[in-house]
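Chain by chain, the residues:
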Amino acid sequence: MESIITSQAADIAKLERTGAHSHIRGLGLDDKLESRANSQGMVGQLKARKAAGVIVKVIKQGKISGRAILIAGAPGTGKTAIAMAMSQEIGDVPFTSIAASEVFSLEMSKTECLTQAFRRSIGVRIKEETEIIEGEVVEIQIDRSLTGVGPQTGKLTLKTTDMETIYDLGQKMIGSLTKEKVMAGDVIQIDKATGRITRLGRSFTRARDFDATGPDVKFVQCPEGELQTRKEVVHTVSLHEIDVINSRQQGFLALFSGDTGEIKPEVRDQINQKIAGWCEEGKAEIVPGVLFIDEIHMLDMECFSFLNRALEDTMAPVVIMASNRGMTRIRGTNYQSPHGVPIDFLDRLLIISTQPYSEDEIKQILKIRCDEEEVDMTEEAMGVLTKVAVETSLRYAIHLISTGHLVAQKRQAAKVDVIDIKRVYSLFLDESRSVQYMKEYQDEFLYNEIVAGQDDRMAVDQSTTST
Ligand SMILES: Nc1ncnc2c1ncn2[C@@H]1O[C@H](COP(=O)(O)OP(=O)(O)OP(=O)(O)O)[C@@H](O)[C@H]1O
Ligand SMILES: [Mg+2]
């Protein structure tokens, strides 16, 4: 028995994964939207965070839609991190995140893919009134027939402080009452439409009847007023979910498998009309959400012109983009443009730029990452790692944390020390050392195309962007 338990515990420990941005819990702003130096996992980048905070605020108020924002800056300056922080802050407004290269799929056209991403980012808040019965159980009486066969029947007496009523029970209700282990003295809630029973707790008035109550028993007041009350429930679904459920070919199961295929424009038109109707009647409300497109330079001319148009629609989300490119070729053309984004589209964007980090900020980010990955590191090792980060890149240094931890474990040390960092630094190359290595040994690699004298970094860049 014991061995089973320990193996379970090991499994659970393994499931706790840390992602690249798992330490980020929000933008770390105060009430006046000023950035705190180090809060919610975010460090530095004060201006960009504040700008992001302002945008989150207006999005939450539902005031803007159809705006586009570009976060531009050097690699590793926290563009994706800021977008992830925004998604945490945004609450129940839909947030969709895609990489621009996802648009180029064989299964559907580029515009269909973008349309789906747009519609995924627009929520519809649907208000529904449901009738519920809420009261304290006075008595449950279940009649069994003498033979033991045939349906059971019974009676349930419920009361509030003002009234008491007896309800007839059918087979199904008896089943759910037994399943929930409802007893006299419990305060319960019954959803009239579905028959679902929720136990809210035990009534205070009956508290003394049971001297042996467990610690998890919650005591509540006996409800006041009428037994039947109306309650408003609000769900938020995205337009895309409504599309998929209503397109007959796929059905709602496609939502889980993800292969929704192309959805006919007629279906979408009908849904738009229906929802416009609901909005007029006050049954629903449109919530423009956020669509985040990372690596925006991977989009081509057609996609940009689609975006131009789509952003002018009344039901458009706020589109946030990120790019680390400078002047580069627009995909599929020979024109150069800043961030690989056509000038006319660039003109519609609000641009937030991210700045390189100072040494101190890098150190704080690395510390946060150590906490996140549950790695203990000595102060000196942290100093060395910060130096490594300044000289190479923040990302490379972040990778050395978990690898350094492994090496330290190997020599059975509790803390990661300078020698562990040195060891992994020599085991794994950073970008500039790797380029150096390539230059020295290029003749031994396959497909070596670098012409002597050409700037090899540029050559790599061009071959990836020209497709
Ligand atoms: N201000 C910050 N506070 C805390 N962590 C940060 C901050 N900026 C970046 N990071 C972390 O540093 C790593 C690299 O940042 P990120 O991935 O956001 O860079 P990027 O700007 O998107 O780079 P690229 O242009 O290469 O996509 C991530 O793990 C990220 O969570
Ligand atoms: Mg990024």
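Our subject is the structure listed above.
Notes on the structure follow. (Residues numbered from 1 in each chain as written. Chains lettered and ligands numbered in written order. Predicted model: local features only at pLDDT ≥ 70, side-chain atom pairs only at ≥ 80, totals over all residues. Heavy atoms only, no water.)

Remarks on the packing of aromatic side chains
Part 1 of the argument: In the structure shown here, the tally under the stated rule is 5 aromatic pairs.
Part 2 of the argument: With 6.0 Å between their ring centres and 25 degrees between their planes, Phe204 and Phe219 make a pair best called stacked. Taken together, the residues Phe204 in the loop between strand S9 (197-203) and strand S10 (219-220) and Phe219 in strand S10 connect sequence positions 15 residues apart.
Part 3 of the argument: Overall, Phe204 belongs to the partly exposed group, its relative accessible area being 44%.
Part 4 of the argument: Between Phe304 and Phe345, the aromatic rings sit 5.5 Å apart at their centres with planes inclined by 45 degrees, giving tilted as the arrangement. Of this pair, Phe304 sits in helix H9 (residues 301-310) while Phe345 sits in helix H10 (residues 343-346); the two residues are 41 residues apart in sequence, bridging distant segments of the chain.
Part 5 of the argument: Accessibility expressed as a relative area gives 0% for Phe345, which makes it buried.
Part 6 of the argument: For the cation-ring pair, Arg433 lies above Tyr425, with the distance from its terminal atom to the ring centre recorded as 3.7 Å. (Phe/Tyr/Trp six-rings, centres within 6.5 Å; stacked < 30°, edge-to-face > 60°. Helix = DSSP H or I, 4+ residues; strand = E, 2+ residues; numbered from the N terminus. Buried < 20%, exposed > 50% of the residue type's maximum accessible area, 1.4 Å probe, protein only. Lys NZ or Arg CZ within 6 Å of the ring centre and 35° of its normal.)

Points about the sheet that holds strand S14 (residues 318-323)
Part 1 of the argument: The strand order across the open sheet formed by 5 strands is S4-S13-S14-S3-S17, and the pairing between neighbours is parallel. Where the open sheet ends on each side, the last strands, each with one partner, are strand S4 (95-99) and strand S17 (349-353). The mean angle between the axes of side-by-side strands here comes to 20 degrees, regardless of whether they run parallel or antiparallel.
Part 2 of the argument: The sheet contact formed by strand S3 (residues 68-72) and S14 spans 5 bridges and is parallel. Across the sheet, Leu70 pairs through a bridge with Met321, a residue of S14.
Part 3 of the argument: Helix-sheet contacts for helix H2 (residues 46-60) involve S3, strand S13 (290-294), S14 and S17, and the interaxial angle to S17 is about 140 degrees.
Part 4 of the argument: Sheet strands touched by helix H3 (residues 79-89): S3, S4, S13 and S14. Its angle to S13, the strand with the most contacts, is close to 165 degrees. (Pairing = 2+ DSSP bridges. Axes fitted to C-alpha atoms, helices over the stretch in contact; angles between N-to-C directions. Contact = heavy atoms within 4.5 Å.)

Comments concerning the side chain of Arg125
Part 1 of the argument: Structurally, Arg125 can be placed in strand S5 (residues 122-143).
Part 2 of the argument: Among the polar contacts made by the side chain of Arg125, one reaches the side chain of Asp92 at a distance of 3.1 Å.
Part 3 of the argument: When sequence neighbours within four positions are dropped, the list of residues in contact with Arg125 reads Asp92, Val93, Val234, His235, Thr236, Lys283, Ala284, Glu285 and Val287. (Polar contact = N/O pair within 3.5 Å; in protein donor to acceptor, adjacent residues only side chain to side chain.)

Topic: the site of ligand 1
Part 1 of the argument: With respect to spatial proximity, 21 residues lie near ligand 1, and among them Val43, Lys79, Thr80, Tyr357 and Arg395 are the closest.
Part 2 of the argument: Between ligand 1 and Ala20, the relevant distance is 2.8 Å, taken from an oxygen atom to a main-chain nitrogen or oxygen of the residue.
Part 3 of the argument: For ligand 1, whose free accessible area comes to 630 Å², the fraction covered by protein is 95%.
Part 4 of the argument: By residue class, the composition of the shell around ligand 1 is 10 nonpolar, 8 polar and 3 charged.
Part 5 of the argument: When residues of the shell around ligand 1 are assigned to domains, at least three fall in each of domain 1 (13-121 + 289-353) and domain 3 (359-428). (Near = heavy atom within 4 Å. Areas by Shrake-Rupley, 256 points an atom, 1.4 Å probe, with all protein chains shown as cover. Nonpolar A, V, L, I, M, F, W, Y, C, P; charged D, E, K, R; others polar. Domains from an automatic or database assignment.)

Details of H3
Part 1 of the argument: Within H3, burial applies to Lys79, Thr80, Ala81, Ile82, Ala83, Ala85 and Met86.
Part 2 of the argument: The secondary structure elements touched by the buried residues of H3 are strand S2 (42-43), H2, S3, S4, S13 and S14.

What about unusual backbone geometry?
Part 1 of the argument: Here Gln40, not a glycine, exhibits a phi torsion of approximately 50 degrees, which is positive.
Part 2 of the argument: Mapped onto the fold, Gln40 is located in the loop between strand S1 (38-39) and S2.
Part 3 of the argument: Within the chain, His339 stands out as a residue other than glycine whose phi angle is a positive 60 degrees.
Part 4 of the argument: With respect to the helices, strands and loops of the structure, His339 is situated in the loop between strand S16 (336-338) and H10.
Part 5 of the argument: Residue His339 is classed as buried on the basis of its relative accessible area, which comes to 16%.

Description of the environment of Ile126
Part 1 of the argument: Tracing the sequence through the fold places Ile126 in strand S5.
Part 2 of the argument: For the pair Ile126 and Ala284, spaced 158 residues apart in the sequence, the C-alpha separation amounts to 4.4 Å.
Part 3 of the argument: Not counting residues up to four positions away in its chain, the partners in contact with Ile126 are Val233, Val234, His235, Val237, Trp278, Lys283 and Ala284.

What to know about the packing of helix H4 (residues 110-120) against helix H6 (residues 239-246)
Part 1 of the argument: One can describe the packing of H4 onto H6 by two numbers: an axis separation of 6 Å at closest approach and a directional angle of 115 degrees. Residues Gln116, Arg119 and Arg120 of H4 touch H6, and the partners they reach there are Leu239, His240 and Asp243.
Part 2 of the argument: Residues of the contact of H4 with H6, tallied by class, amount to 1 nonpolar, 2 polar and 3 charged.

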